[in-house]
Amino acid sequence: MTQRPPTAETSDGSTDPTVPAIRAEGLTKRFGDAVAVDHLDLSIPQGHVYGFLGPNGAGKTTTMRMLTTLMPPTEGTASIMGTPLTDRSAVTRHIGYLPENAPVYEELTGREQLSYVAYLQDVPDDVAADRIDELLDRLDLTEDAHRPISTYSKGMRQKIGLIQALLHEPSVLFLDEPTSGLDPRAARTVLDVIQELSDDETTVFLSTHILSVVDELADTIGVLHEGRLVAEGAPSDLKHRAETGEERTLEQAFLEVTADHSEEATVEAGR
Ligand SMILES: Nc1ncnc2c1ncn2[C@@H]1O[C@H](COP(=O)(O)OP(=O)(O)OP(=O)(O)O)[C@@H](O)[C@H]1O
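Just so it is clear, the structure is predicted and the values come from calculations on it, not from any experiment. (Residues numbered from 1 in each chain as written. Predicted model: local features only at pLDDT ≥ 70, side-chain atom pairs only at ≥ 80, totals over all residues.)

K.L.:
Could you clarify how one ought to interpret the sheet that holds strand β5 (residues 83-84) in this entry?
P.N.:
Strand pairing in a sheet relies on backbone hydrogen bonds. The paired strands run either parallel or antiparallel. The antiparallel open sheet is built from four strands, whose spatial order is β2-β1-β4-β5. Two strands in the sheet have a free side with no partner beyond their single neighbour: β2 (34-44) and β5. Two elements, strand β1 (residues 22-31) and strand β4 (residues 75-80), share five bridges in a ladder whose sense is antiparallel. Residue pairing in the sheet places alanine 24 in a bridge with alanine 78 of β4. (Pairing = 2+ DSSP bridges. Helix = DSSP H or I, 4+ residues; strand = E, 2+ residues; numbered from the N terminus.)

Structure (structure tokens):
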């Protein structure tokens, strides 16, 4: 008998909480000879906020593009809520994705864009209308919703991108720099929304360079460096230096784990 891969959805339609929301095994992406993501293993429980850190060019966006089915891995496998990435239409129903630059139609108004995305996601019209109103209000965008997106500021585009990622109430949300371009008040609202989603069992995979954001929100932090996961743990674990028992800031931890590995690479390369 063929063994079915574990799926988070049980026969009665409820969710099996033991299936990881995001799982990756040996996930690898090469561009020619360059390895952007190198045998990445992840197992992220449902409802967790996973803070994904790494220096520029570490492979964070490439990882998110693979996990959201936008880019095929060169090697390795991954699943979302137990559904393998190869089942693209099922995976896309589970996920919402806010990339660095949200995909929008410039000529549409904010509200038209959101209604269109809700339609594509099969959200019933009346449900969509309520959700759009609520989220526009929450993100202080109601007054601008009738204007074409071509007239929007960077922060307003970011808010539209976040709302459209949330409309179908995904189980797993991928956010690439969600507070980029936002003023402090808007950034606070977005962080509060992320916290509430997590409280409601949405899994959030959050990539950012703003360490205070992951320090505040993340259950687990993963640090990617040159395509490899070089540290993973709760913020408090990363800040606690096991060897000496000393405490350090998340910034110190980040600089240390990424610098150590550059040094190792240099030493190895120099051999
Ligand atoms: N389409 C592509 N073709 C070739 N190389 C690519 C492509 N996309 C990404 N890369 C390379 O893969 C590596 C990882 O890039 P990626 O965008 O995933 O990094 P990142 O961690 O998101 O960086 P940043 O923090 O600067 O956004 C980089 O060396 C980049 O140049």
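Picking up after the structure, the text goes on.
K.L.:
Help me understand helix α5 (residues 154-166), please; the structure alone is not making it clear to me.
P.N.:
Think of an α-helix as turning once every 3.6 residues; residues three or four places apart then point the same way. The terminal C-alpha atoms of α5, which comprises 13 residues, lie 19 Å apart, in line with the 18 Å expected from a rise of 1.5 Å per residue. When α5 is considered as a whole, its buried residues turn out to be Met156, Gln158, Lys159, Ile160, Gly161, Leu162, Ile163, Gln164 and Ala165. Contact partners of the buried residues in α5: β6 (95-98), α3 (110-120), α4 (125-138), β7 (172-176) and α6 (184-199). (Expected span 1.5 Å × (residues − 1). Buried ≥ 20, exposed ≤ 12 C-beta atoms within 10 Å, placed from the backbone. Contact = placed C-beta atoms within 7 Å.)

K.L.:
Help me out: how do you make sense of helix α1 (residues 60-67) in this one?
P.N.:
Most of α1 sits inside the fold, with eight of its eight residues counted as buried. For α1, the complete set of buried residues consists of Lys60, Thr61, Thr62, Thr63, Met64, Arg65, Met66 and Leu67. Looking at the residues trailing α1, positive phi occurs at threonine 69, about 70°.

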